[in-house]
Amino acid sequence: MKARKLLTLAAVAVLSLGLVACGSNKEEKSAGDDKTIVIGASANPHAEILNNAVKPALEKEGYKLDVKVFNDYVLPNKGLSEKSLDANYYQHVPYLEEYNKKNNTDLEYTVKVHLEPMGIYSDKIKNLSELKDGAVVAVPNDPTNESRALELLAKEDIIKVADKKLLTKNDITENPKKIEIKELAAEQLPTALKDVDIAVINSNYALQAKLNPTKDAIALESKDSPYANVIAVRPDNKDSEKIKALNKAITSPEVKKYIEDTYKGAIIPSF
């Protein structure tokens, strides 16, 4: 009986040690999560830049970059607000400000990374001088990018617009060719080219559709555009060590060189 009791006590001791060890491993795993940065991004060029240039730089600093790819402009901000993402990389500041205003959120940005010049594309004409009266012109349907598209059309003397910050098609003051503005989701614009005369397309969706902005666009935004893409974060994690590491990596000379070498002017570093 005594021997059996001793064996039972020994088993309890071993079990207790095992539980302590498991608890210790759990704590280590939790601490290790602070070294993983979960970021939402559009497929191209954002996820491409993150995976090919930023991830290796972060790995040298002991961080793991987990890139989640999104195909719209709403879910990455929603995921950031709901804390399923640590950051996102796909939008410019005017869009972020408009999103915050519309959704009563307080998302912020840390660094400007690159500019994707918005371009005018067509399957039907080679030059804007060929644009016919009554032409159908597709533009993004989100407020900031529609305004940006209308600004580009005005710069190319297709229309004239009111002097205001955020434009809609109702702010067209002169329309000599009587063009018809067709508002579509930004990701649908490349496929709409076959059905419209021209489309004003964000570079990320142009690249995704195998369109080269510097070769295929018949007009492009100027390089001094205010629409640089940024790293967006929450106020509660803006100053965290892993966001600081992300900021440093994505604005490094290596990432700048990658953007310049890979996109050859279609994407322009903003740092």
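Residues numbered from 1 in each chain as written. Predicted model: local features only at pLDDT ≥ 70, side-chain atom pairs only at ≥ 80, totals over all residues. Heavy atoms only, no water.

Draft legend 1. Spatial organisation of empty space enclosed by the protein. Considering all chains together, one arrives at 1 cavity of 30 Å³ or more under this definition. Of the voids in this model, the largest cavity is the one considered here, and its volume is about 100 Å³. Forming the walls of the largest cavity are Tyr73, Tyr90, Gln91, His92, Tyr95, Glu116, Asn145, Arg148, Asn202, Asn204 and Asn229. Secondary-structure elements contributing two or more residues to the lining of the largest cavity are β3 (87-92) and α5 (143-155). It is β3 that contributes the most residues to the lining of the largest cavity, 3 residues altogether. In terms of residue class, the lining of the largest cavity is made up of 3 nonpolar, 6 polar and 2 charged. Split by domain, the lining of the largest cavity shows at least three residues from each of two domains, domain 1 (37-117 + 226-269) and domain 2 (119-220). (1 Å grid on protein atoms, 1.4 Å probe; cavity = no way out; pocket = protein on both sides within 12 Å on 5 of 7 lines; lining within 4 Å. Points joined across faces, edges and corners; volume = space filled by probe spheres on them. Helix = DSSP H or I, 4+ residues; strand = E, 2+ residues; numbered from the N terminus. Nonpolar A, V, L, I, M, F, W, Y, C, P; charged D, E, K, R; others polar. Domains from an automatic or database assignment.)

Draft legend 2. Geometry of the pairing of strand β1 (residues 36-42). Burial analysis of β1 places 6 of its 7 residues in the buried class, which makes it a mostly covered element. Strand direction decides the pairing type here: β1 and strand β2 (residues 64-70), joined by 7 bridges, are parallel. Paired with Ser42 across the strands is Phe70, a residue of β2. Note on the crossover from β1 through helix α2 (residues 43-60) to β2: the handedness is right-handed. As paired elements, β1 and β3 share 3 bridges and run parallel to each other. Note that in β3 the partner of Ala41 across the bridge is Tyr89. (Buried < 20%, exposed > 50% of the residue type's maximum accessible area, 1.4 Å probe, protein only. Pairing = 2+ DSSP bridges. Right-handed = clockwise from strand over helix to strand, strands pointing away.)

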